[in-house]
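An overview of the molecular structure
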Amino acid sequence: MRTLLTRSPQTAAKYILQGDIVAFPTETVYGLGANVFDENALRKIFIAKKRPIDNPFIAHVHNVGDIELLAKRITPSAEKFIAHFFPGPLTVVLPKNDSVPMIATAGLPTIAIRMPHHPIAQALLRDCGVPLAAPSANLSGKPSPTTWQNVLADMDGRISCILKGGQTRVGLESTVVDCTSKVPVVLRTGAITLEQLLRIVPSTRLSGRKSKEQPKSPGMKYRHYSPQARVTIVSQPAEIKSTARAAYIGIRSFGRSNDFLLHRVCGTPKEYAHALFAFLRECDEAKISVIYCQSVEARGIGLALMDRLQRASH
Ligand code: TXA
Ligand code: MG
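Residues numbered from 1 in each chain as written. Chains lettered and ligands numbered in written order. Predicted model: local features only at pLDDT ≥ 70, side-chain atom pairs only at ≥ 80, totals over all residues. Heavy atoms only, no water.

Looking at the domain arrangement of the chain
We note that the domain assignment places domain 1 (4-206) and domain 2 (230-313) within the chain. Taking only C-alpha atoms into account, the centre of domain 1 sits 27 Å from that of domain 2. Taken together, the contact pairs 26 residues of domain 1 with 14 residues of domain 2. Counting the surface lost from both domain 1 and domain 2, the interface buries some 1,500 Å², and carbon and sulfur atoms represent 56% of this. Here domain 1 is connected to domain 2 by two salt bridges. For Glu173, the salt bridge is made with Arg308, and the minimal N-O distance between the two is 2.9 Å. In this assembly, domain 1 and domain 2 are joined by nine residue pairs in polar contact (both at pLDDT 80 or more). Here the side of domain 1 that touches domain 2 gets three residues from one element, more than from any other, and that element is helix α5 (residues 148-155). (Domains from an automatic or database assignment. Contact = heavy atoms within 4.5 Å. Buried area = accessible area lost by both parts, 1.4 Å probe. Salt bridge = Lys/Arg side-chain N within 4 Å of Asp/Glu carboxyl O. Polar contact = N/O pair within 3.5 Å; in protein donor to acceptor, adjacent residues only side chain to side chain. Helix = DSSP H or I, 4+ residues; strand = E, 2+ residues; numbered from the N terminus.)

So, in structure tokens, the structure goes:
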């Protein structure tokens, strides 16, 4: 299949409406979208991404009113989060409507919903006129794509169309919060921080890893964000043993930049989050064998950043 590159949301929407799948930019990472009500198109996403069939998608809506097409009801905590953070990098999990095909939610009775803020994503959703199921547009297991070139590297020949935008603003995925019970539970940390959620609903908690029940967010059990190179998290320069075919990314400079094949100093956790995924991919292109990543304080965006670094390092 030939993969068309376009800057026109209208062109991309034509593909969606004829049952094809399209990659598009959001403020977090690029998504790979299909009409959420089209089972056949949803199947194409699993194939293109080589995604395990038990991992559900996030449904993207154009406006708050469209949530009713997907969710049976909007719970009180979701109501508050939606009022504060939509459109933006937050995903709420709600009881699913019967009209949404089971394959979209991998058989779960719940559905994850988000309203992206990115103007190109908004234009695409408007032109489609239907919500789009969209996981990140990478091959399963790879770092999420933050540029259209990253999408092309994974998806060339596997999907019909890539809607081009710039590098995504946030660089990490949305925060996923389960709003189906009284106490909201953060299933995946992300761009909206725990501190921000707590200000709106003070009882919000992080999901425990130890729970005996099956993981509530199926995607979190899979290997993720993994470049070919080994990822090693370091908190001080002394932990960097060998710099042979090595790369470094962090907030401050560790050691001499000339010792590394690739060296990126980001200044702030926010900038680090923005740069990380594209940097991991750059390291693979440069055939790096070890990537040293500076650890950051696990608060604010740092909590999500550390989560991604830990998953990448396994
Ligand atoms: O920023 C983002 O969220 C990006 C952009 C494209 O919107 N999307 C994204 O999708 O990261 P994906 O599929 O890579 O990650 C979705 C996560 C997975 O961990 C999945 O298991 C979880 O959300 N999820 C989806 N539906 C769920 C549900 N009903 N209950 C619990 N977790 C769910
Ligand atoms: Mg993903």
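Description of unusual backbone geometry
At the junction of Phe86 and Pro87, the peptide bond is cis and its omega measures out at -10 degrees in the coordinates. Structurally, Pro87 can be placed in the loop between α3 (76-85) and β5 (90-95). Even without being a glycine, Lys50 presents a positive backbone phi close to 55 degrees. The topology assignment puts Lys50 in the loop between α2 (39-49) and β4 (58-60). Residue classification places Lys50 among the exposed residues on the basis of a relative accessible area of 57%. The residue Lys287 is not glycine, and still its phi comes out positive at about 55 degrees. Relative to the helices and strands, Lys287 is located in the loop between α7 (269-285) and β15 (290-294). (Buried < 20%, exposed > 50% of the residue type's maximum accessible area, 1.4 Å probe, protein only.)

Some remarks on the sheet that holds β15
Spatially, the four strands line up as an open sheet ordered β12-β15-β13-β14, and their pairing is parallel. Of all strands in the sheet, those bounded by a partner on one side alone are β12 (230-234) and β14 (262-265). Mean inter-strand twist for the sheet, computed between neighbouring axes without regard to direction, equals 15 degrees. In terms of strand pairing, β12 meets β15 through five bridges, oriented parallel. The residue of β15 that forms the bridge with Arg230 is Val290. Docked against the sheet, α7 engages β12, β13 (246-250), β14 and β15, running at close to 170 degrees with respect to β13. Packed onto the sheet, helix α8 (residues 301-312) meets β12 and β15 and runs at close to 135 degrees relative to β12. (Pairing = 2+ DSSP bridges. Axes fitted to C-alpha atoms, helices over the stretch in contact; angles between N-to-C directions.)

Some thoughts on the nonpolar core
Counting residues in hydrophobic clusters, the biggest one holds 46 residues, and the most contacted among them are Leu32, Phe81, Leu90, Val92 and Ile113. Broken down by secondary-structure element, the contributors of at least two residues to this core are β3 (31-35), α2, α3, β5, β6 (110-114), α5 and α6 (194-200). With near-sequence residues (within four places) excluded, Phe81 lies in contact with Phe86, Leu90, Val92, Val177, Cys179, Pro184, Leu197, Ile200, Val201 and Thr204. If you look at the next biggest cluster of nonpolar residues, it comprises 28 residues, including Leu172, Ala275, Leu305 and Leu309. (Core = buried A, V, L, I, M, F, W, Y, C linked by side-chain atoms within 4.5 Å.)

Description of the pairing of β13
Counting buried positions over the five residues of β13 gives five, a clear majority of the element. What you see with β13 is no split at all: Ala246, Tyr248 and Gly250 on one side and Ala247 and Ile249 on the other are buried throughout. Strand direction decides the pairing type here: β13 and β14, joined by four bridges, are parallel. Looking across to β14, one finds that Gly250 is bridged to Val265.

Some details on the environment of Ile53
Examined against the element boundaries, Ile53 turns out to sit in the loop between α2 and β4. Residues Ile53 and Leu197, spaced 144 residues apart in sequence, show a C-alpha to C-alpha distance of 30 Å. Residues contacting Ile53, with those up to four places away along its chain left out, are Phe46 and Ala106.

A few points about helix α1 (residues 9-17)
Those residues of α1 that sit buried are Pro9, Ala12, Ala13 and Ile16. Down the axis of α1, the smallest arc covering the buried residues is 100 degrees, so these residues share one side. Set apart from the buried face of α1 by more than 90 degrees, the exposed residues are Gln10 and Lys14. (Arc of directions from axis to C-beta.)

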